[in-house]
Amino acid sequence: MPPLACVTRVVSFAAAHRMHSPALSGHDNLALYGKCNSRNGHGHNYKVEVTVRGQVDPTTGMVLNLSVLKDCMQRAILDVMDHRNLDLDVPYFKDKVSTAEVIAVFIWEQMLVHLPKSDTYALHQVRLHETDNNIVTFSGEYS
């Protein structure tokens, strides 16, 4: 039986967003999100770690070719979010608050679209660094 390993690749992107829920009043949005509710939004230099877990192929010595993961992350993350206003430019956020948690879920869903289907590996984790101190991890679990 082949060994299992996790392969992680990291990319960075810059994006703006506004923390604002249409389900809340202006006062409640300001109380909940504070300065992050600014009408003009604010930006972050995000860092994303995408981890794939799978069998180490005995012939290639790889779980998957890192160039494949790099290409998938380019299409799923950078092409869609880099230097964008998430709330205005990414349709997914039209009816969702662009919190780090929701962004991590979006990246997971995008990676599932772009990562080639395989019987030997699977998407394992998305880790989004909104700041050096604020990090969200999503592993595809829904309640």
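Residues numbered from 1 in each chain as written. Predicted model: local features only at pLDDT ≥ 70, side-chain atom pairs only at ≥ 80, totals over all residues. Heavy atoms only, no water.

Within an unreviewed UniProt entry, the label attached to the protein chain reads 6-pyruvoyltetrahydropterin synthase, and the organism entered is Polyrhizophydium stewartii. Recorded in UniProt under Sequence similarities (unreviewed entry), the annotation for the protein chain is "Belongs to the PTPS family." If you open the UniProt record of the protein chain and go to Cofactor (unreviewed entry), you find "Zn(2+)". (UniProt positions renumbered as here; feature names shortened; annotations may be inferred.)

### Digging into the overall build of the protein chain
The helix and strand tally for the protein chain stands at four helices and five strands. In the protein chain, the succession of α and β elements from N to C terminus is β-α-β-α-β-α-α-β-β. By the burial criterion, 38% of the 143 residues in the protein chain qualify as buried. Considering only contacts within the protein chain whose residues lie at least 6 apart along the sequence, 70% involve residues at least 24 apart. Of the accessible surface of the protein chain, which amounts to about 8,400 Å², a share of 52% is contributed by carbon and sulfur atoms. (Helix = DSSP H or I, 4+ residues; strand = E, 2+ residues; numbered from the N terminus. Buried < 20%, exposed > 50% of the residue type's maximum accessible area, 1.4 Å probe, protein only. Contact = heavy atoms within 4.5 Å. Areas by Shrake-Rupley, 256 points an atom, 1.4 Å probe, with all protein chains shown as cover.)

### Quick notes on unusual backbone geometry
Positive phi, normally seen in glycine, also occurs at histidine 83, with a value near 55°. Looking at the secondary structure, you find histidine 83 in the loop between helix 2 (66-81) and strand 3 (84-85).

### Considering the nonpolar core
Within soluble globular proteins, side chains that are nonpolar tend to cluster in buried spots. Ile77 and Met111 are the most contacted members of the largest nonpolar core, which totals 36 residues. The element best represented in this core is helix 4 (residues 100-114), accounting for eight residues. Methionine 111 has contacts with Val50, Leu69, Cys72, Met73, Ala76, Ile77 and Leu123, leaving out every residue within four places of it along the chain. (Core = buried A, V, L, I, M, F, W, Y, C linked by side-chain atoms within 4.5 Å.)

### Looking at the sheet that holds strand 2 (residues 42-55)
In a beta sheet, neighbouring strands pair by backbone hydrogen bonds and run either parallel or antiparallel. Read across the sheet, five strands follow the order 3-1-2-4-5 without closing on themselves; strand pairing throughout is mixed. Each edge of the open sheet carries a strand with a single partner, namely strand 3 and strand 5 (135-138). Alignment of strand 1 (residues 4-17) against strand 2, held across 14 bridges, turns out to be antiparallel. Bridge assignment links cysteine 6 to a residue of strand 2, and that residue is arginine 53. Running at roughly 150° to strand 4 (residues 121-129), helix 4 makes contact with strand 2, strand 4 and strand 5 of the sheet. (Pairing = 2+ DSSP bridges. Axes fitted to C-alpha atoms, helices over the stretch in contact; angles between N-to-C directions.)

### Here we look at the pattern of salt bridges
Summed over the entire model, instances satisfying the criterion amount to three salt bridges. With a closest N to O distance of 2.9 Å, arginine 75 and aspartate 71 form a salt bridge. Of this pair, arginine 75 and aspartate 71 both sit in helix 2, four residues apart, which is roughly one turn of the helix. Classification of aspartate 71 as partly exposed rests on a relative accessible area of 39%. (Salt bridge = Lys/Arg side-chain N within 4 Å of Asp/Glu carboxyl O.)

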